[in-house]
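Structure at a glance
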Amino acid sequence: RLIGTSARTFVEREVDPVFDELEHLSYDLSRKVMARAGEQGLLGVEIPEAYGGLGASKVASTVVTEALARSGSFNVTFNAHSGIGTLPLVYFGSEEQKRRYLPRLASGAWIAAYCLTEPGSGSDSLAARTRAVLDGDAYVLNGTKMWISNAGFADLFTVFAQVDGDKFSAFLVERDTPGLSVAPEEKKMGIKGSSTCQVRLENVRVPRENLLGEVGKGAHVALGTLNIGRFKLAAGAVGAVKLFLGYAAG
């Protein structure tokens, strides 16, 4: 109940006053509000305390998801970061990876994005064509991802690729890695305050230690995380319906 109250208060104080500006997609403002969410612990609800999070339960994170549903496009920014952007690292990251990245994600200093969908493959993730080839101490990635939430200003991308053409795997790729580029914002009919772009990889060298999980086990990372996201999407829908019922009753 306390964390639910905290989340609702956050929306009232930090999102509502700048709602219209957020809906027009300001990268700087989005990052600023995300940092405020990090200061209040909302970005790290499911991140263990050892890495700067709250280490709270799925119940607590679901309550936060429900409360954030009234925040419009910012809701997508928030959940793409704290859910599919961060949880792959929480569930499958090595100790070194967690210590390097999770504190930054919990605080909002860094923003996360999840790169699965491609122009030729959506929910059929194993049909991905992005390739990764081991070359010495790094994997070289080539391919295109699309509909990537937070891509316009994200700092860390979880990228899925086929190692040697048939071993679906996940990698942690930092934004400033040479060869990674982000296309202009997509022109959407709705949720216009959420960044949505293509992410292009041209001979992107990713250190071997940035392999997330095991080679060939990317489906576990991708689908395990998406299942949590789908569950939370339902919780967010409940939060929105409660808001609309309140409007109707008022």
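Source: prediction; values computed, not measured.

**Points about the overall build of the protein chain**
Broken down by element type, the protein chain carries eight helices and eight strands. Whereas a compact globule of 250 residues would reach a radius of gyration of roughly 18 Å, the protein chain reaches 18 Å, a difference of no more than 12%. Counting only C-alpha atoms, the protein chain reaches 60 × 40 × 30 Å along its principal axes. The proportion of buried residues among the 250 residues of the protein chain is 50%. Put simply, 71% of the contacts in the protein chain that link residues at least 6 apart link residues at least 24 apart. When the accessible area of the protein chain is evaluated, it comes to approximately 11,600 Å², of which 55% is carbon and sulfur surface. Here the protein chain holds 27 positive side-chain charges and 27 negative ones, and the gap between their average locations is 4 Å.

**Brief notes about the pairing of strand β7 (residues 196–207)**
Every other side chain in a regular strand lies on the same face of the sheet, so the side chains alternate between the two faces. Alignment of strand β3 (residues 138–149) against β7, held across nine bridges, turns out to be antiparallel. Residue K145 lies in a different strand from β7, and its bridge partner there is V199. Note that strand β6 (residues 180–182) and β7 share three bridges and pair antiparallel. The residue bridging V182 from the neighbouring strand is V199, located in β7.

**A few points about the side chain of N210**
Within the secondary structure, N210 is located in the loop between β7 and β8 (211–212). A distance of 3.0 Å separates the side chain of N210 from the side chain of R100, its partner in a polar contact. Looking at N210, its side chain comes within polar contact range of the main-chain oxygen of L172, at 2.8 Å. Setting aside its immediate chain neighbours within four residues, N210 contacts Q97, R100, Y101, A170, F171 and L172.

**Description of helix α5 (residues 73–85)**
N79 marks where α5 bends most, by close to 30°. Across the 13 residues of α5, 10 count as buried, placing the element largely inside the fold. Along α5, the positions that sit buried rather than exposed are S73, F74, N75, T77, F78, A80, H81, S82, G83 and G85.

**A word on the nonpolar core**
Of all hydrophobic cores here, the largest spans 25 residues; its most connected members are L89, L102, L105, L116, F160 and F168. It is helix α8 (residues 218–249) that provides the largest number of residues to this core, a total of five residues. Each residue touching L102, except ones within four places of it in the same chain, is listed here: I47, Y51, T86, L89, V90 and Q97. Of all hydrophobic cores here, the second largest spans 21 residues; its members include A132, I148, V173 and L201.

**Quick word on the state of the cysteines**
Applying the stated criterion to the full structure yields zero disulfides. A disulfide-free cysteine, C197 has its sulfur positioned 10 Å from the sulfur of C115, the nearest such atom. The class of C197 is buried, set by a relative accessible area of 0%.

**Quick word on the packing of aromatic side chains**
On inspection of all chains with the given rule, the structure shows eight aromatic pairs. Arranged with centres 5.3 Å apart and planes meeting at 45°, the rings of Y27 and F153 form a pair that is tilted. Of this pair, Y27 sits in helix α3 (residues 27–39) while F153 sits in the loop between β3 and β4 (156–163), and the two are 126 residues apart along the sequence. When its relative accessible area of 30% is taken as the criterion, Y27 is described as partly exposed. Residue F153 is classed as buried on the basis of its relative accessible area, which comes to 4%. Arranged with centres 5.3 Å apart and planes meeting at 65°, the rings of Y114 and F160 form a pair that is edge-to-face. Of this pair, Y114 sits in strand β1 (residues 112–115) while F160 sits in strand β4, placing them 46 residues apart in sequence.

**Looking at the environment of G108**
Mapped onto the secondary structure, G108 falls in the loop between α7 (95–107) and β1. Placed 50 residues apart in sequence, G108 and T158 show a C-alpha to C-alpha distance of 17 Å. The residues contacting G108, other than those within four sequence positions of it, are M34, A35 and L43.

**Section: the packing of α3 against α5**
For any two helices packed against each other, one specifies the crossing angle of their axes together with the interaxial distance. Close contact between α3 and α5 brings their axes to 11 Å; oriented N to C, the two are set at 60°. For the element pair α3 / α5, the angle class is oblique. The two elements α3 and α5 cross, and the hand of that crossing is right-handed. Contacts from S30, V33, M34 and A37 of α3 reach α5 at F74, T77, F78 and H81.

How each quantity is defined
- Residues numbered from 1 in each chain as written.
- Predicted model: local features only at pLDDT ≥ 70, side-chain atom pairs only at ≥ 80, totals over all residues.
- Heavy atoms only, no water.
- Helix = DSSP H or I, 4+ residues; strand = E, 2+ residues; numbered from the N terminus.
- Rg over C-alpha atoms; globule rule 2.2 N^0.38 Å.
- Buried < 20%, exposed > 50% of the residue type's maximum accessible area, 1.4 Å probe, protein only.
- Contact = heavy atoms within 4.5 Å.
- Areas by Shrake-Rupley, 256 points an atom, 1.4 Å probe, with all protein chains shown as cover.
- Lys, Arg positive; Asp, Glu negative; His and termini not counted.
- Charge placed at Lys NZ, Arg CZ, Asp CG, Glu CD.
- Pairing = 2+ DSSP bridges.
- Polar contact = N/O pair within 3.5 Å; in protein donor to acceptor, adjacent residues only side chain to side chain.
- Bend = angle between axes of the 7 residues up to and from the residue.
- Core = buried A, V, L, I, M, F, W, Y, C linked by side-chain atoms within 4.5 Å.
- Disulfide = S-S within 2.5 Å.
- Phe/Tyr/Trp six-rings, centres within 6.5 Å; stacked < 30°, edge-to-face > 60°.
- Axes fitted to C-alpha atoms, helices over the stretch in contact; angles between N-to-C directions.
- Parallel < 35°, antiparallel > 145°, perpendicular 65-115°, else oblique.
- Left-handed = near helix turned anticlockwise from the far one by under 90°.

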